[in-house]
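Remarks on the overall topology
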Amino acid sequence: MGEWIRDFTEGNMLQKDLLGGKGANLAEMTSLGLPVPPGFTITTEACRAFLTEGELPDGLLEELTEAIGRLEAAMGRGLGDRDDPLLVSVRSGAKFSMPGMMETVLNIGLNDRSVEGLARTSSSDRFALDCYRRLMQMYGSTVLGMDSDAFAAELDAAKSQAGVAADVDLDSDSLRGLLSAYERLTLEHSGTVFPQDPQAQLVAAVLAVFSSWNTERARLYRRRERIPEDLGTAVNVQVMVYGNRGTSSGSGVCFTRDPATGRRGVYGDYLENAQGEDVVSGIRNTIPLTELGAIDKPSYDELIEVMATLENHYRDLCDIEFTVEEGRLWILQTRVGKRTPEAAFRLAHAMAKEGMIDADEALRRVTGAQLALVMFPRFDPDSQRSLLTTGIGASPGAAVGRIALDSATAAAWAAEGESVILLRKETTPDDLPGMVAAHGVLTSRGGKTSHAAVVARGMGRTCVCGAEALEVDLAERHVLVRGGEVLAEGQVISIDGSTGEVFAGSVPVTDSVVVRHLEGADDIGAESGGDLVEAVGFVLDHADDVRRLGVRANADTADDAARARRFGAAGIGLCRTEHMFLGERRELVERLILAEGAAEQEAALARLLPLQRADFTEILEAMDGLPVTIRLIDPPLHEFLPDQTDLAVQVALEDDRGQEDLRNHQLLEAVRRLHEQNPMLGLRGVRLGIVVPGLFAMQTRAVVEAAADRLAAGGDPRPEIMIPLVATVNELALVRSGVESVVASVLEERGVHLAVPVGTMIEVPRAAVTAGQIAEAADFFSFGTNDLTQMTWGFSRDDVEAAFFSAYLEQGVFPVSPFESLDVEGVGSLVETAMRGGREAKPDLHAGVCGEHGGDPDSIHFFDQVGLDYVSCSPFRVPVARLESGRATLAHRSSQ
Ligand code: PEP
Ligand code: MG
């Protein structure tokens, strides 16, 4: 074994770090006795040494010569020999496949003399010349960095001159002409001649692979995919075999099962008289693999056997590249195959049933992201579409409908049975009826935690936010698309909530059988996806068996609560109460704000009380027997008042016409008084609870009275009261004593006993840092990671995503928005600090998270690690959170 080079006979599939993915798999197949053309791998260590030193490490060239010598001896041919040349391919192969790196140079060893030898041994001038022109082309574009279009243009010119359509129809004379043209091109573009020395070709190709680790595209890809910069790539050098030696030869790709559906069968494509690159480039039409059985039965049968061997060995779907050279089968590459999300579930389930893998492994093989994709309606992948613009994919799914520019229009059209997309600059709580009625929501401002995004996710409504290229013109009732197009209200568009894409017209949609099943449908037959439903059920059940984290839902209506329960939620982790003050009740809030003196304030509160009580009764009933964390009102009061400019205009007009309205004057005065430059950092949350104590007291009373009503009805209510935006224990202690005295008096009035825990959100950095003190006054913590992210980064959550996150993502400032996936180093460190402080003060402190990160797969793994008790997320993400919590347990176990 050399220091820098390993023969394929020396390695195995576990050595991906050293040999790269491709090299490790080639070694593994060689040791399985499969027909792999001989070769060797130059290790990633050699690449790392080259990248640090700027030159090939000592001894590599000598080892390379020896390794080639071994190949020559084994094959009985010499590299570039003039009579019977050995030819090799050079391919890169990093641990992770990485677009942007140099990939392949074939036919190394050909030059002006050995091409004649190849022509004689293959009895085909045409074949030898074609191999040589492919080498020049690949060498030019990948080693010399020439533009591959220049070669393609020469090839096209040669074809049109010869009057043929396909490459294979070029005769020897045309190919000779093409070779001269390629030689000229190489000299012109690179200033060097194509090297005739085979050793020089080989070394240059190896150097080019090593250097391509640092291309701009490869670097960007690594930053985005969080692949470490210092891994380096391996280089595989392998004896060439040819699928383009006439009709008894060919190349193909195959899968051991269908990568689209996961079902059993023979899946693959074959192309006669072709090299591997021709199969993927689509220059000629391939035939289905099964037809190889009729053309060359022995090779086909052997391939089917190889497929079975590989699948049993890898215990997974394998993707295989092969070549048949004059009736002899060669396997060129295999790897665990990529698959669609639904195939991932079917494969995991089927392989577990077949005993190939255990249930833990089945759970490891699927992801929450894949589950999300099978849970939402999708656009038919084969359909035609015309892209208008791309915004931020804020709530997954696919929705088609007529554009409605305000909530009332959306609701009215939906009531007539129309499918509607509500398109707004941004949404406010006022848009709720329209959002409920619409199939999808599209905004031109805001990001993943904007009002539109959070509410749409909660309802399972498809949503795209921050599509900045759209300018809504309400006066003209149309939308301008940057670049000129105008969409009139009523026109049909389609939006993809996963990718953020907005399409003109109607794109066909496929519904999710998984959701239909979770919602209780029991009529899903095998053809329509019954096996997918079963597979998802199998994996979710196992996730439930192994997971430590509880999963609750963010829900603030009885309907959402009931759905969350059907989807497997063990309670509500966040019941926001602000939506309960909208619609017809808004006027009561206005009265509360305008009240002059305690009596008027109490009267307004007294009218709100029964309405709130009814809200809570319904929710507690839907979640009977399970905890319901009710958060007292959080947003600034002015959100419940009319828009300042609108109201000012109205008042001025009324005054002008002599129709002065006293109430509107008072209202305007209140709006002005409550206006804040920075409302997210203003009078909201616990601060409001301290300044307007009657509001928190009324809500607490409503909660406890609702619970008492449920007890009287024989129910098992488990309300918990949560205080938002706490920054110091003093705030919590103050509010808590008010809440506790209301709880005590209602329980006494009603003559019932009930424990009502009082806890706090941890969403202000100061609260995280002083969590030890805050825990003294809290029965539980719930991390509000939306606000915690906003305040830790100083990012306004409603503004920054659309404003500049695309620049940040493109330039690699972060790989993903911190509002989507928890910023573990920054915000995560505050969560960890708070957990440590809280649990030191109170070892059995119950803790969860209710920010949007509670439904994000990566973040869930982090929350599991730092010891939270549960995550809470929108009802539609509950199954995803169950699955990822199970996977987190397994990951945690294997890292210990
Ligand atoms: C949070 O801040 O994470 C949270 C859950 O509260 P809201 O999104 O309502 O501010
Ligand atoms: Mg918050």
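**Details of the overall build of the protein chain**
Helix and strand counts for the protein chain stand at 35 helices and 33 strands. Dimensions of the protein chain along its principal axes, counting C-alpha atoms only, are 110 × 65 × 55 Å. Counting every position in the protein chain, which comprises 896 residues, the buried fraction comes to 56%. For the protein chain, long-range pairs separated by at least 24 residues make up 69% of all intrachain contacts whose partners lie at least 6 apart in sequence. Counting only carbon and sulfur atoms, one obtains 49% of the accessible surface of the protein chain, whose full area is about 36400 Å². The average position of the 83 basic charges and that of the 136 acidic charges among the side chains of the protein chain differ by 2 Å.

**Section: the sheet that holds strand β2 (residues 39-42)**
Across the sheet, 5 strands lie side by side as β1-β2-β7-β5-β6; this open sheet has antiparallel pairing. Two strands lie at the open edges of the sheet, namely β1 (5-7) and β6 (104-108), each paired on one side alone. For this sheet the average axis-to-axis angle between neighbouring strands, irrespective of direction, equals 20°. The pairing of strand β5 (residues 88-94) with strand β7 (residues 233-239) spans 7 bridges and is classified as antiparallel.

**As for the pairing of β6**
Most of β6 sits out of view: 4 of its 5 residues are buried. Across 3 bridges, β5 lies against β6 in antiparallel orientation. Paired with V90 across the strands is V105, a residue of β6.

**Details of the coordination of the magnesium ion (ligand 2)**
Taken together, E763 (OE) and D787 (OD) make up the full set of protein donors to the magnesium ion (ligand 2), lying 2.0 to 2.1 Å away. With E763 in the loop between β30 (758-762) and α29 (765-769) and D787 in helix α31 (residues 785-793), the pair connects residues that are 24 residues apart, well separated along the chain. Given a relative accessible area of 2%, E763 falls into the buried group. In this structure D787 comes out as buried when scored by relative accessible area, which is 3%.

**What about the packing of helix α5 (residues 125-143) against helix α8 (residues 198-212)?**
Orientation of α5 relative to α8, taken along the N-to-C sense of each, is 40°, at an axis distance of 10 Å. Overall, the two elements α5 and α8 adopt an arrangement that is oblique. As α5 runs across α8, the sense of the crossing is left-handed. Along its contact with α5, which presents L135, Y139, T142 and V143, the element α8 presents A200, Q201, A204, A205 and A208. Considering only residue class, the contact of α5 with α8 consists of 7 nonpolar, 2 polar and no charged.

**With respect to a nonpolar patch on the surface**
Together, I690, V691 and L734 make up a nonpolar patch on the protein surface, roughly 270 Å² of accessible area in all. Tracing the backbone shows I690 in helix α26 (residues 686-691).

**Concerning the site of ligand 1**
Near ligand 1 you find 14 residues, and of these R576, R631, G784, N786 and R797 are the closest. In the model, an oxygen atom of ligand 1 is placed 2.9 Å from a nitrogen or oxygen of the R631 side chain. A distance of 3.0 Å is found between an oxygen atom of ligand 1 and a backbone nitrogen or oxygen belonging to T785. The protein chains hide 96% of the 280 Å² of surface that ligand 1 would expose on its own. Counting residues per element, the ones that place at least two in the shell around ligand 1 are β27 (572-576) and α31. Counting residues per element, the shell around ligand 1 draws most heavily on α31, at 3 residues. Classifying every residue of the shell around ligand 1 by side-chain character gives 3 nonpolar, 4 polar and 7 charged.

**Quick word on the sheet that holds strand β15 (residues 392-395)**
What links the strands of a sheet is backbone hydrogen bonding, and the strands pair in either a parallel or an antiparallel sense. If you trace the 8 strands from one edge of the open sheet to the other, you get β14-β24-β23-β16-β17-β18-β19-β15, paired in mixed fashion. Among the strands making up the open sheet, the edge pair consists of β14 (386-390) and β15. In this sheet, adjacent strand axes meet at a mean angle of 30° when their direction is disregarded. Set on the sheet, helix α18 (residues 451-459) makes contact with β15, β18 (440-443) and β19 (462-465); between it and β19 the angle comes to about 165°.

**What about the nonpolar core?**
L695, I723 and F781 are the most contacted members of the largest nonpolar core, which totals 134 residues. For L695, the residues in contact, after removing those within four places along its chain, are F581, L592, L605, I633, L637 and L688. Core analysis: the second largest hydrophobic core is formed by 62 residues, L87, M102, C131 and L202 among them.

**Some words on the pattern of salt bridges**
For the structure shown, the criterion picks out 58 salt bridges. The partner of R402 in a salt bridge is E418, and the shortest N-O contact between them spans 2.9 Å. Of the two residues, R402 is situated in strand β16 (residues 398-404) and E418 in the loop between α16 (407-415) and β17 (420-424); the sequence distance between them amounts to 16 residues. In this structure, R701 and E705 form a salt bridge, with 2.8 Å as the shortest nitrogen-oxygen distance.

**What to know about the environment of R736**
As for its placement among the helices and strands, R736 is situated in helix α28 (residues 729-750). Distance in space between the C-alpha atoms of R736 and R766 is 19 Å, their sequence separation being 30 residues. Ignoring sequence-local partners within four residues, the contact set of R736 consists of V758, A777, A778 and D779.

**Considering the packing of helix α13 (residues 341-353) against helix α15 (residues 368-375)**
Look at α13 against α15: their axes get within 8 Å of each other, and the N-to-C directions meet at 115°. When the axis of α13 is compared with that of α15, the two are roughly perpendicular. For the crossing formed where α13 meets α15, the hand is left-handed. In this structure, α13 contributes P341, E342, A344 and F345 to the contact, and α15 contributes Q370, L371, L373 and V374.

**Regarding α13**
A rise of 1.5 Å per residue sets the reference length of α13, with its 13 residues, at 18 Å; its end C-alpha atoms lie 19 Å apart and thus fit the reference within 8%. Of all 13 residues making up α13, 12 are buried, and the element is well covered by its neighbours. Of all the positions in α13, only P341, E342, A343, A344, F345, R346, L347, A348, H349, A350, M351 and A352 are classed as buried. Count one or two residues on from α13 and you reach G355, which has phi positive near 80°.

Thresholds, definitions, all that
- Each residue is numbered by its place in its chain's sequence as written, counting from 1.
- Going through the entries in the order they are written, you letter the chains from A and number the ligands from 1.
- Totals for whole chains, interfaces and linings use all residues, but because this is a predicted model, local features are given only for residues with pLDDT of at least 70 and pairs of side-chain atoms are given and counted only at 80 or more.
- Side-chain numbers come from the whole structure's heavy atoms, not from hydrogens or water.
- Each helix is a run of H or I in the DSSP string that is no shorter than four residues. Each strand is a run of E no shorter than two, and both are numbered from the N terminus.
- Each residue's exposure class comes from its accessible area (1.4 Å probe, protein chains only) as a fraction of the maximum for that residue type: buried when under 20%, exposed when over 50%, partly exposed otherwise.
- Throughout, a contact is declared for two residues whenever any of their heavy atoms are within 4.5 Å.
- Using a 1.4 Å probe, the Shrake-Rupley method yields the accessible areas, and only the shown protein chains count as cover for residues.
- Charge counting treats Lys and Arg as positive and Asp and Glu as negative, with His and both chain ends excluded.
- Charge coordinates come from a single atom per side chain, which is NZ of Lys, CZ of Arg, CG of Asp or CD of Glu.
- Here, strands pair whenever DSSP counts at least two bridges between them.
- Under this scheme, a helix contributes an axis fitted over its contacting stretch, all axes are lines through C-alpha atoms, and angles between N-to-C directions fall in the 0 to 180 degree range.
- Donor atoms: N, O and S within 2.8 Å of the metal, or within 3.2 Å for Na, K and Ca. Because water is excluded, sites can look incomplete.
- Small angles under 35 degrees read as roughly parallel and large ones over 145 as roughly antiparallel, with 65 to 115 read as roughly perpendicular and the rest as oblique.
- Each crossing gets its handedness from the near helix: less than a right angle anticlockwise from the far helix is left-handed, clockwise is right-handed.
- In this classification, Asp, Glu, Lys and Arg are treated as charged, Ala, Val, Leu, Ile, Met, Phe, Trp, Tyr, Cys and Pro as nonpolar, and every other residue, Gly included, as polar.
- Excluding any residue in a salt bridge, patches collect residues exceeding 30% relative accessible area, merging like charges within 9 Å and nonpolar Val, Leu, Ile, Met, Phe, Trp and Tyr side chains within 5 Å.
- When a carboxyl oxygen of Asp or Glu is within 4 Å of a side-chain nitrogen of Lys or Arg, the pair counts as a salt bridge.
- If even one non-hydrogen atom of a residue comes within 4 Å of a molecule or strand, that residue is called near it.
- Pairs of N or O atoms within 3.5 Å make up the polar contacts considered here, provided that, within protein, one atom can donate a hydrogen while the other can accept it, and that residues adjacent in sequence are counted only when both atoms are side-chain atoms.
- Among the buried residues, those of types Ala, Val, Leu, Ile, Met, Phe, Trp, Tyr and Cys that are joined through side-chain atoms within 4.5 Å form a nonpolar core.
- Given the number of residues in a helix, its expected span is that number minus one, multiplied by 1.5 Å.

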